Each structure stands twice: as structure tokens, then as C-alpha cells.
Amino acid sequence: MLVDLRSDTVTRPTAAMRQAMFDAEVGDDVYGEDPTVNRLQAAAAALLGHEAGLFAPSGSMTNQIGIQLLVAPGEELLLDSESHILAHEVGAAAVIGGISTRSWSSGGGRLDVSVVSESVHESLAYHTVATRAIAVENTHNRGGGTVIDIDQLRRLRALADERGLLLHMDGARLWNAHVASGVPLAEYGRLFDTVSLCFSKGLGAPVGSVLVADAERIERARSIRKRMGGGMRQAGFLAAAANYALDHHINRLADDHVRARRLAEALEPYGVTTAAGVETNIVLLRHPELGKLSAAAAEQGVLISVLGRDQGRLLTHLDISDDGVDHALTVLTGLLR
Ligand SMILES: *Cc1c(COP(=O)(O)O)cnc(C)c1O
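Note that the coordinates shown come from a computational prediction; the quantities given were computed from them, not determined experimentally.

### Observations concerning the site of the ligand
Taken together, S58, G59, S60, N63, H84, E137, N141, D170, A172, R173 and K201 make up all the residues around the ligand. One of the side-chain nitrogen or oxygen atoms of N141 is found 3.2 Å away from an oxygen atom of the ligand. It is helix α3 (residues 59–70) that contributes the most residues to the shell around the ligand, 3 residues altogether. By residue class, the composition of the shell around the ligand is 1 nonpolar, 6 polar and 4 charged.

### Details of the UniProt feature "domain: Aromatic amino acid beta-eliminating lyase/threonine aldolase" (unreviewed entry) in the protein
The positions UniProt marks with the feature "domain: Aromatic amino acid beta-eliminating lyase/threonine aldolase" (unreviewed entry) are residues 4–285. In residues 4–285, the share of helix is 41% and the share of strand is 15%. The end C-alpha atoms are 15 Å apart.

### Remarks on the environment of G143
Here G143 shows up in the loop between β5 (131–137) and α7 (150–163). Spatially, the C-alpha atom of G143 lies 28 Å from that of Q300, the residues being 157 residues apart in sequence. Not counting chain neighbours up to four residues away, the residues in contact with G143 comprise G108, G109 and L284.

### Some details on the environment of V302
Relative to the helices and strands, V302 is located in strand β10 (residues 302–303). Sequence separation between V302 and H249 is 53 residues; the distance between their C-alpha atoms is 24 Å. The contact partners of V302, leaving out residues within four places of it in the chain, are V3, L5, S294, A297, H327, A328 and V331.

### Thoughts on unusual backbone geometry
Cis geometry marks the peptide bond from N138 to T139; its omega dihedral reads 0°. You can see T139 is positioned in the loop between β5 and α7. Phi at V90 takes a positive value of approximately 55°, unusual for a residue other than glycine. Along the chain, V90 turns up in the loop between α4 (84–87) and α5 (92–95).

### Focus on the domain arrangement of the protein
Here the domain parsing of the protein yields domain 1 (15–248) and domain 2 (252–336). The C-alpha centroid of domain 2 is placed 28 Å from the C-alpha centroid of domain 1. At the interface, 18 residues of domain 1 touch 13 residues of domain 2. Considering only the side of domain 1, the residues that lose the most area to domain 2 are G144, N176 and G202, jointly responsible for 33% of the buried surface there.

### Examining the packing of helix α12 (residues 253–267) against helix α14 (residues 322–336)
Each pair of packed helices can be summarised by the angle the axes make with each other and by the distance between the axes. It is the contact of α12 with α14, at a shortest axis distance of 10 Å, that shows an interaxial angle of 20°. With respect to their mutual orientation, α12 and α14 come out roughly parallel. Regarding α12 and α14, the two cross each other, and that crossing is right-handed. In this structure, α12 contributes R259, R262, L263, A266 and L267 to the contact, and α14 contributes D322, V325, D326, A328, L329, L332, T333 and L336. Looking at the contact of α12 with α14 residue by residue, the class counts come to 8 nonpolar, 1 polar and 4 charged.

Calculation criteria
Residues numbered from 1 in each chain as written. Predicted model: local features only at pLDDT ≥ 70, side-chain atom pairs only at ≥ 80, totals over all residues. Heavy atoms only, no water. Near = heavy atom within 4 Å. Polar contact = N/O pair within 3.5 Å; in protein donor to acceptor, adjacent residues only side chain to side chain. Helix = DSSP H or I, 4+ residues; strand = E, 2+ residues; numbered from the N terminus. Nonpolar A, V, L, I, M, F, W, Y, C, P; charged D, E, K, R; others polar. UniProt positions renumbered as here; feature names shortened; annotations may be inferred. Contact = heavy atoms within 4.5 Å. Domains from an automatic or database assignment. Buried area = accessible area lost by both parts, 1.4 Å probe. Axes fitted to C-alpha atoms, helices over the stretch in contact; angles between N-to-C directions. Parallel < 35°, antiparallel > 145°, perpendicular 65-115°, else oblique. Left-handed = near helix turned anticlockwise from the far one by under 90°.

Below, the structure is given as C-alpha cells:
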């Protein structure tokens, strides 16, 4: 038995998802003529309470399109120091968008609007860089799947309105936040000018993300996507998997959360994690020799992710069953004992 807990991106499409892909009605999406892509974009926009959506190959691309819509070259995007946009997009904001970034220090992915507020730079004179937009990540990946508190997000919107700033959400796992908190997706969506959503994480689709925003911004987003090489042709074969995931794989994320909690509770006595910190599908691990632990676990068919010398993580997802959790716990507790 192979139990791959490295990431929620390792899922393979289910038989029913493959069938939906096989049956997809398609057209040329650069011409805007793929009915399956159009259906996905409209469905995602409606769920988030936005006017329109745009399908793209990855969440990095929808993040980059989102921030380029809000921040002009030479202006500043303010975000937390552990965010995906800053830590895992290979400098794209600077290289592609010409965007200047500055960060507040991430507190385990939690959002404290008073900290953000102090970090905002006003445009004082021609020699300053003014903050134009703020980006937040929900759930927070490096924070360990933290759900950002909706009251903090409301305060963030109030701050943005007061200071004339725009807001982007990296919602790669907003589905997990929604399921864990019970806050409607549209309640999150209405607080942000642009939201990026991934289908290739917990939702189990092989490829794809959608950016939602107002119709005027999505029209501009089409050019930015094309410039970045993200215009795809019969992309409906991919969008069909995402449509299937929207219809069938959102509510089941609650099972992933229960399984992550179970992993954390069983591992906590070994001092490698804190179960109380597990809010969604990510379990952070610390162990003095994580590389060795990971290699030994892999020999017994359990794959875990190594983030640093003493840091790692486990993620639950569509392809991790209760039996998989049992097997992982047998192997890991055997090694930690
Ligand atoms: C996975 C992820 C993305 C997008 O990643 P891609 O691999 O480019 O699809 C963006 N933000 C967060 C927080 C993520 O975890």
C-alpha cells in the first residue's frame, strides 16, 4: 500500500471525473468558444459572488494575473512573509508584473489587521513606493492550513476602503476554509477584488485554477493570461474535471479534515506535531532528522514531505482513505517509538 501524504496535488482523477473529461463538449477557448470552460468560469464566479471568471493552467498564474490587475509596475503589493506568492512563485511578481513587494512577518499564517495596517505605505512624494494592494492566503499553506478569521477579513476590507487599497485573495484552498468554517464562499468573495481558486488541490482535478473578479477586470485578464502563455485551446477537457469537482468534491473535504486531525492526534504524543493547530488538511511536522524519518517511512510505502532539516508536513486528500491513515500511523509511530 502506498500512502502519499506529501501534498494534496498528487491525486489522480477518479473514474467518474475521467468520464466527465472524456464526454466534455469543447471549443477554442482563446476565442471564448469552449462551453465547458465557460460553464466553469460562470459557476466559480457565481459561487464567489463575482461577475466573471477566467480559467488558467495553474494557481501561480491566476495569482499573478490577479495581482497584475490590481498593481501597476513599480507599485507595491503588501503580503505576509510566508505567502505562496512571495515564497513559491519564483519571483514572478517582480519579473513578470514589475511589482514591488513588501511583507509583514507571518504569524503562522494568521492575519492580524493591526499589523497589516502599520505596514501600509502611503504615497508621500515622488520618491516613495505606495502600497496599492494587499494579498492574503486562505487557507494558509505554510502556516499549516490555517483558516483566516472572517472578522479579520472584514476588518481588512474596511482598512482597504479607508486607505484606497485593493485586495487579492490566494484562495488555492479556499474550499477547505469554507468547509472548515462554514462561512459561505460568497461571504469570502465579496470582501476581495480578485480571488484565485485551485481545482488541482483538495478538489482532485488534474489541472486548473480560476480567477474571479468583475467583468471589466476579467476582460483585461484575458490579455494578461495570453501574454503569459496561458491561453489554451480545447481546455474544456480540463475544465470538465474542475466542473465535476465543484459538483462532487467540496463537501467531502470535511473527511480530509477529520483524517488530518486523526493523524495529528496520534502523532502528538511523540512530540512531532500539535493537534490543536490542525484546522484543515495540513499537519506540520517537526523532528530533528526529518530527512531520515521520511526516507525510512518511504521504504514502508508512506510518503511525507520534507520542508527543511527539521520540518515537514502531511496532507490528506481525495486519495487518502481511513485505511491509508491507519497504515501511515502504523509506520510513523513504529519509527518514532
Ligand atoms: C498550490 C498553491 C498555489 C498554486 O500553485 P500551482 O502549483 O501554481 O497551481 C497558490 N497558492 C497556494 C497557497 C498554494 O498552495
